[in-house]
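# Commentary on secondary and tertiary structure
Below are the chains, spelled out letter by letter.
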Amino acid sequence: MDPFKADRDRHTILATAWVLPEPSRCVQCGVCSFHCPMAIDVRRHVWRNEPVKDSYCLTCGECVKRCPRGLLRFDVIPPLGIDEHTWGSH
Amino acid sequence: MARRHVLIGSGPAAVSAAEAIRSEDLAAEITMVTADPHGYYSRPGLAYYLAKEVPKDGLSPFTSRDFARLGVRFVSQRVAKISPAAHLVTLANGDDLPYDRLLIATGSQAIPLGVRGVELDGVVKLDDMQDARNLIDRSRHAKEAVVVGGGITALEIAEGLRARGVHVHYLMRKERYWGSVLSEAESRVVEDGLRSGGVQIHYFTEVAQILGKDGKVTAVETEGAEAIHADLVAVAIGVLPKRQLGESAGLECGRGILVDEFLRASEPDVYAAGDVAEVRARQGGKSPLEVLWNTAVAKGRIAGLNMAAEPAHPYIQSVPLNVTRLAGHKIAIMGTVGNGKDEDLRGIARGDSETWRQLGDAAIVEHEGKDARVRLALAERTIAGAIVMGDQTLSFPLQEIIASRVDVGALAERLRQDKAPVAELIESFWREWKAGRA
């Protein structure tokens, strides 16, 4: 039992992952953009099927948690780009 | 001369068509005509606006600068008439707009309730931004509301009014919510969620008439002769494609405007996309209607590509998917998952697909995990459909397996076994399948 595992996993995610969208589930409601503390237009990234690779992104998880349709998630982007890694069909 | 495109509508189909046209033709003239004074906004997002999760301005994905950058001219007018032979659109103010290619993307509209009293002040619906603002304004003075109907919109209204402090009576004609799509257990989860949110559910209750005083709603009288006090009566019994403009222009119509696989209507150079477009079934019969955002985007894109050049891009109907939130539960619905008729709905509702209700012979596997409830409809060698409620982790691999109609082979048998570890089986199958494709 490692009592620090959860914290370490969380830190790893925050330090190495980006917010990735699943555009086929998005209805452009804007809840993600409205709640972003850094005023990043997350919704626009989803429309373009781009990871939120914005230098202002804190990976705080606010958008991931608030999205009413659960289409945002944290993940590591592989070297070949998002299409190699996203779920679902586009 | 630059090709002139006129797009009627300002929803996702029209916007995605405009983007597709521009991606193919930098010189094209694109004019978007809309009667909606609020232009392009997220219609499904109105639910979150009602529930105070996002402000009105937050619902607009594009700014006027975005439209300017896209080279789209906005005309805020109602269309009075389309003249296909003359290639003209006549606006309500009498102006004529000539076109080389026309897109009709007028969407769908709520079906009114067929009882006495529907004309009273206080009978409301949720079709557009204007309706949402009307609901919000009225919720400031209303104490009680009756919600009639089914599917997603009825719950959006019920939950939105609760969030604004209105006591809500939700009337169901039968014994459970959305019985044509959800299983009994899933319906109960949603109903429990509604009740814990303060919504009062009335089962086996049908509206006989709406009562009023001085032209305003005061109560609903049920078929059981019970009177339920109400300041508002919200109706969400389904929608119909808004096909009137097409019909009066002589376009062939079924339930919507009939289009071929390239989304061409029956007159030259006229296209339709979004909720209003009914794609002709290949072997006769009815093709299923869908009132889904992602379907509208896909149809708009294909119509736009075909309008920009010669029609070469067929529209291929994908496996219908929607993810929504019902009584606080995230729920993904994909493929075919149910059947039968929903007595609370006439036809199709917003966020709905008729394909969902076409479940034939299939083995049903239900699994309740710690964070999610999963139901699978298993055909012989494929997963025909699935519903995932709660944590959505499993819905992503399922979406891909169902959309790609993957031959799941022996997995189906293993999933059917008693106490099968459904989540683990699906995830490991999906990873192997992905690795095999790489």
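Okay, so let's go over this structure.

Parameters at a glance
Residues numbered from 1 in each chain as written. Chains lettered and ligands numbered in written order. Predicted model: local features only at pLDDT ≥ 70, side-chain atom pairs only at ≥ 80, totals over all residues. Helix = DSSP H or I, 4+ residues; strand = E, 2+ residues; numbered from the N terminus. Rg over C-alpha atoms; globule rule 2.2 N^0.38 Å. Buried ≥ 20, exposed ≤ 12 C-beta atoms within 10 Å, placed from the backbone. Contact = placed C-beta atoms within 7 Å. Pairing = 2+ DSSP bridges. Axes fitted to C-alpha atoms, helices over the stretch in contact; angles between N-to-C directions. Expected span 1.5 Å × (residues − 1). Arc of directions from axis to C-beta. Parallel < 35°, antiparallel > 145°, perpendicular 65-115°, else oblique. Left-handed = near helix turned anticlockwise from the far one by under 90°. Nonpolar A, V, L, I, M, F, W, Y, C, P; charged D, E, K, R; others polar.

Further remarks concern the overall build of chain B. On a plain count of helices and strands, chain B comes out with 11 helices and 27 strands. Its C-alpha atoms give chain B a radius of gyration of 23 Å, near enough to 22 Å, the size a compact globule of 438 residues would have. Taken over the C-alpha atoms alone, chain B extends approximately 70 × 65 × 40 Å along its principal axes. Residues classed as buried in chain B amount to 48% of the 438 residues present. Restricting to contacts in chain B with at least 6 residues of sequence separation, those with at least 24 account for 65%.

Backbone hydrogen bonds are what pair the strands of a sheet, in a parallel or an antiparallel way. Residue and element names in this part refer to chain B. In space, the 3 strands of this open sheet follow the order β4-β5-β6, with antiparallel pairing throughout. Looking along the sheet, the strands with just one partner apiece sit at the ends: β4 (79-83) and β6 (96-98). Shown here is a sheet whose adjacent strand axes are inclined to one another by a mean of 20°, direction ignored. With 4 bridges connecting them, β4 and strand β5 (residues 88-91) associate as antiparallel partners.

All names here are of chain B. Most of strand β23 (residues 329-335) sits inside the fold, with 6 of its 7 residues counted as buried. Judged from the 6 bridges that link them, strand β22 (residues 321-326) and β23 form a sheet pairing that is antiparallel. Each residue of the ladder has a partner; that of Asn 322, found in β23, is Ile 333. The turn linking β22 back onto β23 is made up of 2 residues, and Ala 327 within it adopts a positive phi angle of 50°. Bridging between β23 and strand β27 (residues 383-390) involves 5 bridges; their strand directions are antiparallel.

Residue placement: B:Lys341 occurs in the loop between β23 and β24 (352-353). In this structure, the C-alpha to C-alpha distance between B:Lys341 and B:Trp178, residues 163 residues apart in sequence, is 9.1 Å.

All names here are of chain B. With respect to burial, β27 is a largely interior element, 8 of its 8 residues being buried. Summarising the sheet, strand β26 (residues 372-378) and β27 pair through 7 bridges and their orientation is antiparallel. Paired with Ala 372 across the strands is Gly 390, a residue of β27. In textbook terms, the turn of a hairpin is the stretch between consecutive antiparallel strands, and for β26 and β27 this stretch comprises 4 residues.

Here we come to helix α11 (residues 422-437) of chain B. Residues and elements named next belong to chain B. End to end, α11 covers 23 Å across 16 residues, agreeing with the expected 22 Å (1.5 Å per residue, within 8%). The complete set of buried residues in α11 reads Val 422, Ile 426, Phe 429 and Trp 430. All buried residues of α11 fall inside an arc of 100° around its axis, so they share one side. Away from its buried face, by an angle of more than 90 degrees, α11 presents the exposed residues Glu 424, Arg 431, Glu 432 and Ala 435. Next to the buried residues of α11 lie β25 (363-368), β26, α9 (395-403) and α10 (411-416).

Turning our attention to the packing of α9(B) against α11(B). Residue and element names in this part refer to chain B. The contact between α9 and α11 brings their axes to 10 Å, and the two run at 60°. Looking at the two axes, α9 sits oblique to α11. Where α9 crosses over α11, the handedness of that crossing is left-handed. Between α9 and α11, the contacting residues are Pro 397, Leu 398, Glu 400 and Ile 401 on the first element and Ile 426, Glu 427 and Trp 430 on the second.

Residues and elements named next belong to chain B. Read from one edge to the other, the open sheet built from 5 strands follows the order β3-β2-β1-β7-β19, with strand pairing classed as parallel. Edge positions in the sheet fall to β3 (72-76) and β19 (270-272), since each of these pairs with one other strand and no more. Mean inter-strand twist for the sheet, computed between neighbouring axes without regard to direction, equals 20°. Sheet analysis places strand β2 (residues 29-34) next to β3, joined by 5 bridges and oriented parallel. Residue Thr 31 lies in a different strand from β3, and its bridge partner there is Arg 73. Sheet strands touched by helix α1 (residues 12-24): β1 (4-8), β2, β3 and β7 (101-104). Its angle to β2, the strand with the most contacts, is close to 175°.

Turning our attention to the interface of chain B and chain A. Taken together, the 24 residues of chain B in the interface contact 19 residues of chain A. Looking at the side of chain B that touches chain A, the elements that each hand over two or more residues are α8 (293-308), β22 and α9 of chain B. With 5 residues, α9(B) is the single largest residue contributor to the side of chain B that touches chain A. When its residues are assigned to classes, the side of chain B that touches chain A shows 12 nonpolar, 8 polar and 4 charged.

Residue and element names in this part refer to chain B. The contact between α1 and α8 brings their axes to 7 Å, and the two run at 35°. Pair α1 / α8 crosses with right-handed handedness. Where α1 approaches α8, its residues Pro 12, Ala 13, Ala 14, Val 15, Ser 16, Ala 17, Ala 18, Glu 19, Ala 20, Ile 21 and Glu 24 are matched on the opposing element by Trp 293, Ala 296, Val 297, Lys 299, Gly 300, Arg 301, Ala 303, Gly 304, Leu 305, Met 307 and Ala 308. Residues of the contact of α1 with α8, tallied by class, amount to 15 nonpolar, 3 polar and 4 charged.

Phi is mostly negative for residues that are not glycine, and the peptide bonds are mostly trans. Residue and element names in this part refer to chain B. A positive phi angle is found at Ala 225, which is not glycine, with a value near 65°. Since 7 C-beta atoms lie within 10 Å of it, Ala 225 is described here as exposed. In this structure, Leu 263 is a non-glycine residue whose phi angle is positive, near 70°. Position of Leu 263 relative to the elements: it lies in the loop between β18 (257-259) and β19.

Any functional reading would require information that these geometric values do not contain.
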